Amino acid sequence: MLITKVKTKEELLPVLSGRVLVIPCLGCSQSYFPVEEFNRLKDELKSSGANLASEVTFDYMCREDFTERRLEIYREQLEAADTVLIFSCGVGIQTFAGLIPGKKIVSGSDTFYVPGFPGFTPSEHDCEQCGECRMGLTFGICPVTACSKGLLNGQCGGAKDGKCEVDKNMACGWQRIFERMNALKGSDKALKEGVQIRDYKKSSL
Amino acid sequence: MKLTDLTRLGKFVVTSEVGPPKGINLDKMLHEAEYIRGRVAAINVTDNQSSVMRMGGLAACKVLKDKGFEPVFQITCRDRNRLALQADLLSAAMFGIENLLLLTGDHIVLGDHKDAKPVFDLDSVSLAHCVKRLEEGFDLAGNKLDGEAPKFCKGAVVSPCAEPLDPQLFKMEKKIKAGVEFFQTQAVYEPEKFEKFMKRVKEFGVPVYVGIVVLKTVGMAKFMNENVAGIHVPDSLIEELKKDKEKTKSGQTGVEISARLIKDMKNMCQGVHMMPLGWDDKVPKILEMAGV
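The rules we used
Residue positions within a chain follow its written sequence, with the count starting from 1. Both sets of labels track the order of writing: A upward for chains, 1 upward for ligands. Where totals are concerned, whole chains, interfaces and linings use all residues; where local detail is concerned, this predicted model gives features only for residues with pLDDT of at least 70, and gives and counts side-chain atom pairs only at 80 or more. Excluded from the side-chain calculations are hydrogens and water; all other atoms, namely the structure's heavy atoms, are used. Contacts are assigned to residue pairs that have any heavy atoms within 4.5 Å of one another. Buried area, as used here, totals the accessible surface that two parts lose on assembly, with accessibility defined by a 1.4 Å probe and the loss added over both. Basic side-chain nitrogens of Lys or Arg form a salt bridge, by our definition, when they fall within 4 Å of a carboxyl oxygen of Asp or Glu. The definition of a polar contact used here is a pair of N or O atoms within 3.5 Å, where within protein one atom must be able to donate a hydrogen and the other to accept one, and adjacent residues in sequence count solely through side-chain atom pairs. Secondary structure elements are taken from DSSP: a helix is a run of H or I of four residues or more, a strand is a run of E of two residues or more, and numbering for both begins at the N terminus. Burial classification: accessible surface area is computed with a 1.4 Å probe over protein chains only, and a residue below 20% of its type maximum counts as buried, one above 50% as exposed, and the rest as partly exposed. Two strands are counted as paired when DSSP detects at least two bridges linking them. By definition, the crossover connecting two strands over a helix is right-handed if that path, from the first strand to the second, turns clockwise as seen with the strands pointing away from the viewer. The aromatic pairing rule takes the rings of Phe, Tyr and Trp, using the six-membered ring of Trp, and pairs them if the centres are within 6.5 Å, calling planes under 30 degrees apart stacked, those over 60 edge-to-face and the rest tilted. In this scheme, the term charge over a ring applies when either NZ of a lysine or CZ of an arginine sits within 6 Å of the ring centre and within 35 degrees of the ring normal.

*Asks:* Break down the interface of chain A and chain B for me, citing the residues and quoting the values.
*Replies:* How big an interface is tends to be stated in terms of accessible area lost as the parts join. Between chain A and chain B, the residue contacts involve 28 residues of the former and 32 residues of the latter. Taken together, both faces of the contact between chain A and chain B bury some 2500 Å²; the carbon and sulfur share is 55%. Of all residues in chain A, N153, K160 and K192 of chain A bury the most surface against chain B, accounting for 26% of the area lost on that side. Our count for the chain A to chain B interface comes out at 2 salt bridges. Put simply, E173 of chain B and K192 of chain A hold a salt bridge, and the shortest N to O gap is 2.9 Å. The tally of links between chain A and chain B comes to 15 residue pairs in polar contact (both at pLDDT 80 or more). For the side of chain A that touches chain B, the elements supplying multiple residues, two or more each, are helix 7 (173-183) and helix 8 (189-192) of chain A. If you tally residues by element for the side of chain A that touches chain B, the top one is helix 7 of chain A, at 3 residues.

Right, dumping it as structure tokens:
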């Protein structure tokens, strides 16, 4: 079971740019999707000037084959969007981001930890359910799970030829973040702001 | 004395490094330190270096300080959560230890306790932020400290020869914003790359002390090229080590290469950080030949 909570307008406004495609993932029947809060947030974003140009619904975004098919169906909306704002668990966001390396992805929600069965589909992507999703800042790649030290403020000194010091077959998570940022011609400005520190209270909620 | 005060006075800062023992006898470490007494401004004390368990760096720093050395307390985020880090920082301040080197730390699996829990509650950036908060009189949770706040000189590391360099520069800038006041670098064997790096970081206005690891053998150079992040020993230096086996074995080649590197780079930066890895006896000769 998964519980997600929508982020605040204040957190999202600085990272949304251009035409925004909104995608809620409603597939996981056991998931609690906060519909009211989701709708309220969209109104708030719109009235603050965000250009929420279109919205399409996915289900089981975490399943790569499902998501690939939906990407075909909604190709037009996707191509028109500058930013994709996703409301799903962390696995869903990463699956989506992995399929479209050239698109700016922002996570619209935080995934909270709930004891018990933690997801639906076996996946190469992992969501630790930290409750404070940073993937809007890190270009759709999760630093908590993609970095073997879970570092939040950038690459350590241990990466060699783009590989992690823990395993030469594993890509350095922060290098992946930078590569994606460069591919998107993105800026590290937002990422450079402030000091990120985990709030472990949120992951055991 | 704070390393940055020396830089401010226009001095070229020379530091070196020792590692605490795996045990409780400090004789060897102190013997190594004696070789460089008077030749270096401060001596770094490593913190469970390479994730291999050893005596704590804080105790070793205190012993060095009592013997008239200026220690640099290296502190990593691998083995302590934010409470333990702050507790050790306050302890260091109480002992009068001023210079810190704030590190994320190697991963646990590289060391000799591979089954231990990697902590990484904070990282080098948030640790710098945490030290700054202590200096402002508060702990990381915002609680007020009793009495006088500690005062430190906060250092960190950077890899000037890492490829790509941008993620390193990004992190360096974050460290400076979080309060880091000086940098000691990963070992540099390519002065041209270092020069390019220094041009890019000049605008940061923070002193950089270039790292020198003395090359002991051809095997060591090749091993570092294969396995150590941010280090590249060029073929020309490997050839130099190969050329005269006796000279290399005696350490003379390593000494000459190190001295030459320092000579080449000393005008580009504000100091040099020696990492002799047990060859502390060779450090005075290197510094003399390099003219620092």
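*Asks:* How would you explain the environment of P160 of chain B if you had to name every residue and give the values?
*Replies:* Residues and elements named next belong to chain B. On the secondary structure map, P160 appears in the loop between strand 5 (153-158) and helix 6 (166-177). Expressed as a C-alpha distance, the spacing of P160 and E173, which sit 13 residues apart in the sequence, is 13 Å. Look past the residues within four positions of P160 in its chain and what remains in contact with it is L165, T185, Q186, V188, F194 and F197.

*Asks:* Give me the lowdown on helix 5 (residues 90-99) of chain A, citing residues and values where you can.
*Replies:* With 8 of 10 residues buried, helix 5 of chain A is to be regarded as a mostly interior element. Among the residues of helix 5 of chain A, G90, V91, G92, I93, Q94, T95, F96 and A97 of chain A are the ones counted as buried.

*Asks:* Would you mind going over the pairing of strand 6 (residues 182-187) of chain B in detail, with residue names and values included?
*Replies:* All names here are of chain B. Buried residues dominate strand 6, accounting for 5 of its 6 residues. Pairing analysis gives 4 bridges linking strand 5 to strand 6, with the strands arranged parallel. By the bridge assignment for strand 6, V158 is matched with T185. Across 3 bridges, the pairing between strand 6 and strand 7 (residues 208-213) is parallel. Bridged to Q184 within strand 7 is Y209. Traced from strand 6 through helix 7 (residues 191-201) to strand 7, the parallel crossover comes out right-handed.

*Asks:* Can you break down the packing of aromatic side chains residue by residue, with the values?
*Replies:* Scanning the model with the defined rule gives 9 aromatic pairs over all chains in all. For the pair F33 of chain A and F38 of chain A, a centre-to-centre distance of 5.3 Å together with 70° between the ring planes defines the contact as edge-to-face. The class of F33 of chain A is buried, set by a relative accessible area of 15%. Ring pairs connect the aromatic residues F33, F38 and F87 of chain A, which therefore count as one cluster. Over the ring of F66 of chain A we find R63 of chain A, and its NZ or CZ is 4.6 Å from the ring centre. Here the guanidinium or amino end of R37 of chain B rests over the ring plane of F69 of chain B, the centre of that ring lying 4.1 Å away.

Treat this as a map of the structure, not an account of what it does.
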